[in-house]
Amino acid sequence: MPGMSRNDKIIPLADLRAPRSASLDALIREGANNTAAGSAPPQDTRGRFLHDLRISVTDRCNFRCVYCMPKDVFGRDYPFLPHSELLTFEEIARVARIFVRLGVRKIRLTGGEPLLRRNLEQLVALLAEIHGVDLTLTTNGALLAREARALRAAGLRRVTVSLDALDDATFRVMNDVDFPVARVLEAIDAAHAAGLTPIKINAVIKRGMNEAAVLPLARHFKGTGHIVRFIEYMDVGHTNGWRMNDVVSAAEIVRTIDRELPLEVADANYAGEVAERWRYRDGTGEIGVIASVTQAFCRDCTRARLSTDGKMFTCLFATDGYDLRGLLRGNRDDTEIENAVAALWRRRADRYSEIRGANTGRTQKIEMSYIGG
Ligand code: SAM
Ligand code: SF4
Ligand code: SF4
């Protein structure tokens, strides 16, 4: 799709950017009424609480992973957001505090590539001041070796580093910018040395591309204290040409590892945890599998997302978001914004992965790099 622009084909951007203040006024009233009725913390229409917030701090990336930001779409002329449209660090911290009042206990900084956002440690410091929150970040690792100490000093607790293969040629093809594996491994070591632990390693497995990476990744990180999480390739966004045949199921991944390195299932750390945990029977650590396609976990999904330009999304596969930036910049006080967010959460009915099928492929989904992976 060369030359395609987000404005005309991929996302109905006019809808996304339009201030939805009228309906948000109604939401503020709705939220206030419910809070007055004593129904906080909010539960959505399926009884799910709000526990996690993923914040996309930039829609830009220095990689072009074939499953996320394919080069022929995210090319030189791709219309990334101008700086004025991004939430400032102060605005992000304000939204985060409001979400924490509504029950959020885990915040993940993501993108795009979050370490491309200049002075990110200043945002980390603001968020680290919020009491009772587990603060973490997902990165491709390209800039992590340089930033790890500053991030830790600012209050970041842990990191997740994405790495799809140990074989250098395969990894270079997958990130599509010829980035070498060795630099990501150095970044993981630097994060470890800086105390950003336990480190999780995210590996998306795509059929015909890197299923041979499963065992080498498991072997390499077994016994290191780092936890590899194998992710089923998902139909996020509108541009990665996803096909069900390209998905390697979590069950197949577990079988592949278990044949050589025996595994047993482990309990979830908390209800709503995305990864299913498996530990090595010899006690040398654990892996996770994220079966978002073959075993939908919408029933326990407690995640909200804040896009780079301040829209709230209640599902990774949403087609539209709610303009919180309009409220932040429109002289609304924190209570009004809190009421609007609570009302949005109470209305939430998302369960895309449970209903994924032939027709859902045609819906206009938001790109993961913008909404936050
Ligand atoms: N750039 C950072 C990185 O890659 O770690 C953070 C953003 S990225 C969108 C967050 C995570 O989403 C990464 O671990 C990536 O592998 C995963 N991801 C991206 N596209 C995916 C897809 N189509 N299916 C499954 N996971 C995907
Ligand atoms: Fe960039 Fe992360 Fe997407 Fe890869 S997965 S293109 S590193 S945002
Ligand atoms: Fe949550 Fe939506 Fe994913 Fe279901 S499809 S688990 S509701 S983000």
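Residues numbered from 1 in each chain as written. Chains lettered and ligands numbered in written order. Predicted model: local features only at pLDDT ≥ 70, side-chain atom pairs only at ≥ 80, totals over all residues.

## Overview of the overall build of the chain
Item 1. Assigned secondary structure in the chain consists of 14 helices and twelve strands.
Item 2. Here the chain, with 373 residues, has 43% of them falling under the buried criterion.
Item 3. Taking contacts inside the chain between residues at least 6 apart in sequence as the whole, the part at least 24 apart equals 76%. (Helix = DSSP H or I, 4+ residues; strand = E, 2+ residues; numbered from the N terminus. Buried ≥ 20, exposed ≤ 12 C-beta atoms within 10 Å, placed from the backbone. Contact = placed C-beta atoms within 7 Å.)

## Regarding helix 12 (residues 334–347)
Item 1. Compared with the 20 Å implied by 1.5 Å per residue over 14 residues, the 20 Å span of helix 12 between its first and last C-alpha is a close match.
Item 2. All buried positions along helix 12 are accounted for by Glu336, Ile337, Glu338, Asn339, Ala340, Val341, Ala342, Ala343, Leu344 and Trp345. (Expected span 1.5 Å × (residues − 1).)

## Comments concerning the site of ligand 3
Item 1. Taken together, Phe297, Cys298, Cys301, Arg303, Cys315, Leu316, Phe317, Asp350, Arg351, Tyr352 and Ser353 are the residues near ligand 3.
Item 2. The residue inventory of the shell around ligand 3, partitioned by class, reads seven nonpolar, one polar and three charged. (Near = placed C-beta within 6 Å. Nonpolar A, V, L, I, M, F, W, Y, C, P; charged D, E, K, R; others polar.)

## Thoughts on the sheet that holds strand 5 (residues 200–205)
Item 1. Taking strand neighbours across the sheet as the criterion, the twelve strands line up as 7-8-9-6-5-4-3-2-1-10-11-12 in an open arrangement whose pairing is mixed. Each end of this open sheet is capped by a strand with a single partner; those strands are strand 7 (263–265) and strand 12 (322–323).
Item 2. Looking at chain direction, strand 6 (residues 227–232) and strand 9 (residues 286–290) are connected through four bridges and run parallel. Counted as the bridge partner of Phe230 is Val289 from strand 9.
Item 3. In the packing of helix 9 (residues 214–221) onto the sheet, the strands contacted are strand 5, strand 6 and strand 9, and the crossing angle to strand 6 comes to about 160°. (Pairing = 2+ DSSP bridges. Axes fitted to C-alpha atoms, helices over the stretch in contact; angles between N-to-C directions.)

## Some remarks on the nonpolar core
Nonpolar side chains tend toward joint burial in soluble globular proteins.
Item 1. With 99 residues, the main nonpolar core has Phe99, Val161, Ala203, Phe230 and Val341 as its most contacted residues.
Item 2. The element that contributes the greatest number of residues to this core is helix 12, accounting for seven residues.
Item 3. Among all residues touching Val341, those that are not within four sequence positions of it are Ile98, Phe99, Leu102 and Met312. (Core = buried A, V, L, I, M, F, W, Y, C linked by C-beta atoms within 7 Å.)

## Thoughts on the pairing of strand 6
Item 1. Judged by how many residues are buried, strand 6 sits mostly within the fold: five of six residues are covered.
Item 2. In this structure, strand 5 lies alongside strand 6, joined through six bridges in parallel fashion. Note on strand 6: the bridge partner recorded for Asn202 is Arg229.
Item 3. In terms of handedness, the path from strand 5 via helix 9 over to strand 6 forms a crossover that is right-handed. (Right-handed = clockwise from strand over helix to strand, strands pointing away.)

## Some remarks on the packing of helix 4 (residues 89–101) against helix 5 (residues 120–128)
Item 1. Running from N to C, helix 4 and helix 5 cross one another at 25°; their axes reach a closest spacing of 10 Å. With respect to their mutual orientation, helix 4 and helix 5 come out roughly parallel. Of the two possible hands of crossing, helix 4 and helix 5 adopt the one that is right-handed. Seen from helix 4, the contacting residues are Phe89, Ile92, Ala93 and Ala96; seen from helix 5, they are Gln122, Leu123, Leu126 and Leu127.
Item 2. The class makeup of the residues in the contact of helix 4 with helix 5 is seven nonpolar, one polar and no charged. (Parallel < 35°, antiparallel > 145°, perpendicular 65-115°, else oblique. Left-handed = near helix turned anticlockwise from the far one by under 90°.)

## Considerations on the pairing of strand 3 (residues 134–139)
Item 1. Judged from the four bridges that link them, strand 2 (residues 106–110) and strand 3 form a sheet pairing that is parallel. Looking across to strand 3, one finds that Lys106 is bridged to Asp134.
Item 2. One crossover worth recording links strand 2 to the parallel strand 3 by way of helix 5, and it is right-handed.
Item 3. When strand 3 meets strand 4 (residues 158–162), the two strands line up parallel, connected through four bridges. By the bridge assignment, Thr138 is partnered in strand 4 with Thr160.
Item 4. Read as a crossover between parallel neighbours, the route from strand 3 over helix 6 (residues 144–154) to strand 4 is right-handed.

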